[in-house]
Each structure stands twice: as structure tokens, then as C-alpha cells.
Amino acid sequence: MRRWLFADQLGEHFLDDGEQPVLLIESKAVFRRRVFHRQKAHLVLSALRHRAAELGARALFRQVETYRDGLPDEPLEVCHPTSRPAARLVRALSTVHVLPPRGFCTDPRAFTEWADGRKALRLEDFYRHARRAHGVLMDGPEPAGGRWNYDHDNREPPPRAGLDAPAPPAIVEDEIDAEVRADLDRWEREGIRFVGADGPRLFPATAAEASARLRHFLVERLPLFGPYEDAMLARDPWMAHSMLSPAFNLGLLDPMDAVRAAEAAYRRGAAPLSSVEGFVRQLLGWRDYVWHLYWRFGPDYPRANALRATGRLPGWFADLRADDLRAACLRDVLAGVRDRGWVHHIPRLMVLGNYGLQRGWHPGALADWFHRCFVDGYAWVMVTNVVGMSQYADGGAMTTKPYAAGGAYIDRMSDYCGGCVYHPKHRTGDDACPYTAGYWAFLARNAQRLADNHRMRRPLSGLERLSDVDEVIARERTRRVP
Ligand SMILES: Cc1cc2nc3c(=O)[nH]c(=O)nc-3n(C[C@H](O)[C@H](O)[C@H](O)COP(=O)(O)OP(=O)(O)OC[C@H]3O[C@@H](n4cnc5c(N)ncnc54)[C@H](O)[C@@H]3O)c2cc1C
Ligand code: SF4
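Residue numbers here run from 1 along each chain, matching the order of that chain's written sequence. A letter from A marks each chain and a number from 1 marks each ligand, given out in the order of writing. A pLDDT threshold of at least 70 governs which residues receive local features in this predicted model, and a stricter bar of 80 or more applies before side-chain atom pairs are shown or counted, although totals over entire chains, interfaces and linings include all residues. Note that the side-chain values use all heavy atoms of the structure and ignore hydrogens as well as water.

K.L.:
Which residues make up the sheet that holds strand β6 (residues 96-99), and what are the values?
P.N.:
The rule for pairing is simple: two strands pair if DSSP sees at least two bridges between them. Numbering of helices and strands runs from the N terminus; a helix is a DSSP stretch of H or I covering at least four residues, while a strand is a stretch of E covering at least two. Judged by pairing direction, the sheet is parallel, and its five strands sit side by side in the order β4-β2-β1-β5-β6 without closing on themselves. A strand with exactly one partner marks an edge of an open sheet, and here the two such strands are β4 (59-64) and β6. Across the sheet, the axes of successive neighbouring strands diverge by a mean angle of 30°, strand direction being ignored. Bridge count between strand β1 (residues 2-5) and strand β5 (residues 76-79): three bridges; the pairing is parallel. Helix axes are fitted to C-alpha atoms over the stretch in contact, other axes to C-alpha atoms as well, and angles between N-to-C directions run from 0 to 180 degrees.

This is the structure we're talking about:
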């Protein structure tokens, strides 16, 4: 039977054999409905069209307005899609047989068995379970090296001299990219809107490009990944991160292959355990965990709003107008989103997400912004990472406390503050750091809601000791552009 591959199911692991006929649909309506980052639109279309070209006569490739317009009059099968709307669509089609999902390390039934009956669904417990179940980094029944967790070793501040991890092989654009760029230019002239800057394609659009990036990462960058996982450097947005999330999320790479390859690097002595464990934790742990939680937490989860945050995203943020800002960290990170559609995990969580949390922006609106503006953004990964982890809108279903932090955290983990007009330690005055003042204003606004959380006791008693909290709150209320 012909297999319908969605645009995030592009690797060989979404097919059963090398003969199977394929359906690929490029829907233009998707880009009319939402304002995506220009580079994200480019990447998705480029990957889809490259796959169609690779499959040649095996693929029926339809470039149409809606998915329904592209369906042939024949029975189809499809691997379970990654979003609720797409899952609803395929289930409503009588000619389409829906197979279990692929593209993740653990299957839904195994997750349900693990999750049922648990009071809390914590990443650490799931991660250990997945390591045991798949025999990853295990020496018999024990974790390799005797420890499950190397987080403590993986929180180094950035090295003063810079990291200088070898850059991955450059992506070379081809005629398919040129055609995508010309089409997007034309669509813009027709009135379809995008956000962010156009630029050379920075992320893999084919399985071959993705494998080359993974191989390079395992040899050249993985050893540096662990210790500096959480650090930020103004002139080095990539640090030693793998830059592979778009490739995993487009389905170009099987994450389990990458987990096994990382373990092999450790076993042959090519990378230290702390780095390999850190990478495996992200991929086998976090990535699968947020995927399963997207389904487990149900259709209302994207609307969760435990902290009653209703603020609108300001125009400078929504439109990525980084040059309007004076806060060095936020300006650089927002410029990274504008220019690349990607920044690494800590800028997402502790610069962008932290700012929204402190200001009480609506979590659903922020999740939508992340989804549209990031090259690796998809519904399943965004809702849990933004609504749950970054905005604490689920009241602690995912994390034990909100990821709110003042300027001291950013100062310790980056080189931003030295060149900033604000002072990370100041909460009042003209050079009051928006993060430090925003942190206290956040605590004051949510003190009652967080009072029962034992991990918030210390920060909340710190708040009680502040003599100038009213002044801080009043000033932050009037801050418009940080
Ligand atoms: C607010 C917020 C929004 C995020 N949005 C996305 C998103 O839209 N798409 C996305 O793939 N990741 C998202 N993440 C997770 C993470 O930031 C990115 O996966 C990572 O920065 C991608 O860069 P990398 O490939 O170099 O990752 P590495 O640091 O090299 O990590 C290796 C891989 O682990 C996986 N991974 C790590 N953490 C997570 C996580 N929390 N959730 C899912 N996968 C994870 C990714 O596939 C990544 O490629 C978000 C995190 C936060 C806090
Ligand atoms: S002082 Fe505050 S605003 Fe400036 S870079 Fe540091 S944390 Fe960011």
C-alpha cells in the first residue's frame, strides 16, 4: 500500500522497504494560516522537495493548497502524525490506515505502562527507565560509570577564551533550495507573510546531510558538549551543541541510531561519559519524554495557565525587532532567532522563556511564537517545553519549580553582562537589570500561588526581606522595551 509521509517523516525509518510507493503532499495553506519564520518555511519545503527528488518515480508528489486536495483516490497508510490536528485529519479519512508512530526511541504503550499509577511523571525517572529498557549506557544492571546523572559536571560557565568547537561541514545549497527561495519570494509578493530574516540554509534537508552532521558532531564536538551544555557566549551561538534538532524533527535521522552512535563513541574512548550521558539524556530522555507528555496531558494542556498569565507579546518580541533592545542578552538571543531561527536550549529557557514568565505573558501565545519562529518547532515539542517547562503553566506537572531567574544566573553562565547597559545585581535605578528586577516582581505577583511549593520557600522568604519591593514592582510595570 502507498505510504503517505508527512513533512516530518522523511527518513528511511518511516518506510518498510526500498520499494514501497510513497505520497508526499506540500500544502500551501499551512503558510497562509500562520506567520512562520522564513528560514523554517525554507527548511521544511527544501527537505520535502529533496525527499521527493530522491524517491523519484516511487513518490507521488503533490503541491496543492490543502492536504485533502493532494489525496489520491487509492488506499493509503500513514505513520501516526505528530500533532493532534493532523491525527484528527488522518483518522477522519476512511481510505487511510494509521500505523503506530515512528521517529522516537520509546513506544507509546511502553510509556503508558511506565506512567500509569505514578503520582508524578518526572524526567529523571522516565530517563532511567528508558536507559534500562533499551540497555543504553548500562553495565549489566548498573549505569555505566556508576552514576545515572552527570548534570553536576555539565554546568560549567563558558570558558573565558571561548570554546572554539570545530564547525560542522557547511551546508551547500543546490537548485532545489534556489527554487524554494524563488517560490517563497513569490508567495511573499502574493501576500503570504513570514517573520525573521532569509539567509543561507543552515540545517540539513536530507538524510545524507543530517548523517554527515551527526558523524562530525560525535567526533569533533561531543567531547566539548557536556561541560558547556548550559553556557552562552555572545559570539558563539552554537557552542558545542549538535544543531540536529531540526533533522530529528523532520524525521531525517532516527534518534535511536544517534543514541547508539554516541554510546559507541564512549565505549571506544572517543568521548567522555559526562558528555555522552548529557547527549543521551537530551535525546532518549527529554525528547521522548516531551513527545509522550504531549499526548498524555490531553487536548486542553496547551491552554493550561496555572499562573493566570494573560499578557500580550509585545511587538518588538513578536516581530523579532532585536535592534530595539538595550539588554545585551535578550538583544543577542532575539537577533539569533531573527537571523537563524535557532538558539540553543539555555537562551530559549533562561533568556526568552524566563523573560516571558517574569512579565506574565500568555503561555499559549508564547508557545505559538516559539512554534512559528524556530526551525525545529512543532506542536508536540513546543507545548510541553513552553507551556510546561518554561512557563510553569501546568502548575508543576512537568517541573518542580518555575524556571525564573535573575541576572545573576545569566551573568554566571554567559559573557553578556560585561557589555550591557544594565547591571545584573541592580534591581532599582536606571541600570536595574530587567531580569533581576523582573524576578522579584514575578515572585511578588505569584507569591500566594507558589506558597505551597517547598522549593520556592527560600526565594519567597528572600522576597519578604526586600525593603524596596514596591519600588521594584512599580518600575517594572512601566518598563516597555528592555
Ligand atoms: C522554551 C523552549 C522551547 C523549545 N522548543 C523546541 C522545539 O521547538 N523543538 C525542539 O526540537 N526542541 C525544543 N526545545 C528543546 C531544546 O532547546 C532543543 O531541542 C535544542 O536546543 C536543539 O538544539 P540541538 O539540536 O543543538 O540540541 P542538543 O543540545 O545538541 O541536544 C541534542 C538533542 O536532544 C533533543 N532535545 C534536547 N532537549 C530537548 C527538549 N527539551 N525537548 C525535545 N528535544 C530535546 C533535541 O532533539 C536535540 O537535537 C525547547 C526548549 C525550550 C526550553
Ligand atoms: S545585566 Fe541583565 S539584561 Fe544585561 S546582559 Fe546581564 S542579565 Fe541581561
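K.L.:
How would you explain the packing of helix α14 (residues 363-373) against helix α15 (residues 379-390) if you had to name every residue and give the values?
P.N.:
Where α14 contacts α15, the two axes come as close as 9 Å, and the packing angle between them is 135°. Relative to α15, the element α14 is oriented oblique. Considering how the two elements wind past one another, α14 and α15 form a crossing that is right-handed. The residues of α15 that touch α14, namely those facing Pro363, Leu366, Ala367, Phe370 and His371, are Ala379, Met382, Val386 and Val387. Here the angle decides the label: under 35 degrees means roughly parallel, over 145 means roughly antiparallel, 65 to 115 means roughly perpendicular, and every other value means oblique. Working rule for handedness: look at the near helix, and if it is turned counterclockwise from the far one by less than a right angle, call the crossing left-handed; if clockwise, right-handed. Residues are treated as being in contact if the distance between any of their heavy atoms lies within 4.5 Å.

K.L.:
Give me the site of ligand 1: which residues, what numbers.
P.N.:
Within the structure, ligand 1 sits among 28 residues, and His241, Ser242, Met243, Asn249 and Met382 are positioned closest to it. Each polar contact in these results corresponds to two N or O atoms within 3.5 Å; when the atoms are within protein, one needs to be able to donate a hydrogen and the other to accept it, and residues that are neighboring in sequence are counted only if both atoms are side-chain atoms. A distance of 3.2 Å separates a nitrogen atom of ligand 1 from a polar side-chain atom of Gln282. Between ligand 1 and Trp342, the relevant distance is 3.3 Å, taken from an oxygen atom to a side-chain nitrogen or oxygen of the residue. Surface burial for ligand 1 is 99%, taken as the share of its 810 Å² of free accessible area covered by protein chains. Elements represented by at least two residues in the shell around ligand 1 include exactly α8 (245-249), α10 (273-296), α13 (345-359) and α15. Residue type decides the class: Asp, Glu, Lys and Arg count as charged, Ala, Val, Leu, Ile, Met, Phe, Trp, Tyr, Cys and Pro as nonpolar, and the leftover types, Gly among them, as polar. Of the residues assigned to the shell around ligand 1, the class counts are 15 nonpolar, ten polar and three charged. Nearness is judged by heavy atoms alone; a residue qualifies as near a molecule or strand once a single heavy atom is within 4 Å of it. The Shrake-Rupley method, run with a 1.4 Å probe sphere, supplies the accessible areas, and residue values consider only the shown protein chains as cover.

K.L.:
Tell me what's going on with the pattern of salt bridges, and back it up with residues and numbers.
P.N.:
Working definition: two side chains of opposite charge can pair if their charged atoms are close together. What counts as a salt bridge is simple: a side-chain nitrogen of Lys or Arg found within 4 Å of a carboxyl oxygen of Asp or Glu. Under the criterion given, the structure shown has 43 salt bridges. Across the salt bridge formed by Glu124 and Arg128, the nearest N and O atoms sit 2.8 Å from each other. With a gap of four residues between them, Glu124 and Arg128 both fall in helix α5 (residues 123-134), about one helical turn apart. In this scheme, a residue with accessible area under 20% of its type's maximum is buried, one over 50% is exposed, and one in between is partly exposed, where area comes from a 1.4 Å probe on protein chains only. Taking the relative accessible area as the measure of exposure, Arg128 reaches 29% and is therefore partly exposed. The closest approach of N and O atoms between Arg338 and Asp339, which form a salt bridge, is 2.8 Å.

K.L.:
Describe the site of ligand 2, listing the residues and the values that go with them.
P.N.:
If you check the shell around ligand 2, you find Ala327, Cys329, Gly407, Ile410, Tyr416, Cys417, Cys420, Tyr422, His423, Pro424, Cys433 and Pro434 and nothing else. Taken together, the residues that form the shell around ligand 2 break down as ten nonpolar, two polar and no charged.

K.L.:
Lay out the environment of Phe14 in plain terms, naming residues and giving numbers.
P.N.:
Position of Phe14 relative to the elements: it lies in the loop between β1 and β2 (22-27). Sequence separation between Phe14 and Asp151 is 137 residues, and the spatial gap between their C-alpha atoms is 33 Å. Those residues in contact with Phe14, other than ones at most four positions away along the chain, are Arg3, Leu5, Asp8, Gln9, Cys79, Arg102, Gly103 and Gly251.

K.L.:
Could you give an account of the environment of Asp288, with specific residues and numbers?
P.N.:
Looking at the secondary structure, you find Asp288 in helix α10. Asp288 sits in the buried class, given a relative accessible area of 0%. Spatially, the C-alpha atom of Asp288 lies 9.7 Å from that of Leu123, the residues being 165 residues apart in sequence. Look past the residues within four positions of Asp288 in its chain and what remains in contact with it is Phe104, Cys105, Thr106, Phe126 and Leu283.

K.L.:
Run through the packing of aromatic side chains, naming residues and quoting values.
P.N.:
For Phe, Tyr and Trp, where Trp contributes only its six-membered ring, two rings pair if their centres lie within 6.5 Å, and the inter-plane angle classes them as stacked under 30 degrees, edge-to-face over 60, or tilted in between. A full pass over the atoms with the stated rule returns 34 aromatic pairs. Judged by centre distance (4.7 Å) and plane angle (20°), the rings of Trp4 and Phe6 are stacked. The exposure class assigned to Trp4 is buried, which follows from its relative accessible area of 0%. Arranged with centres 6.0 Å apart and planes meeting at 70°, the rings of Phe203 and Trp238 form a pair that is edge-to-face. With Phe203 in the loop between β9 (194-195) and α7 (207-225) and Trp238 in the loop between α7 and α8, this residue pair connects regions lying 35 residues apart in the sequence. Linked through ring pairs, Trp316, Phe317, Tyr355, Trp361, Trp369, Phe370, Phe374 and Tyr435 together constitute an aromatic cluster. Whether a charge sits over a ring comes down to the Lys NZ or Arg CZ being within 6 Å of the ring centre and within 35 degrees of the ring normal. Positioned above the aromatic ring of Tyr294 is the side chain of Arg84, whose terminal nitrogen or guanidinium carbon lies 5.0 Å from the ring centre.

So yeah, pure geometry; function would need other evidence.
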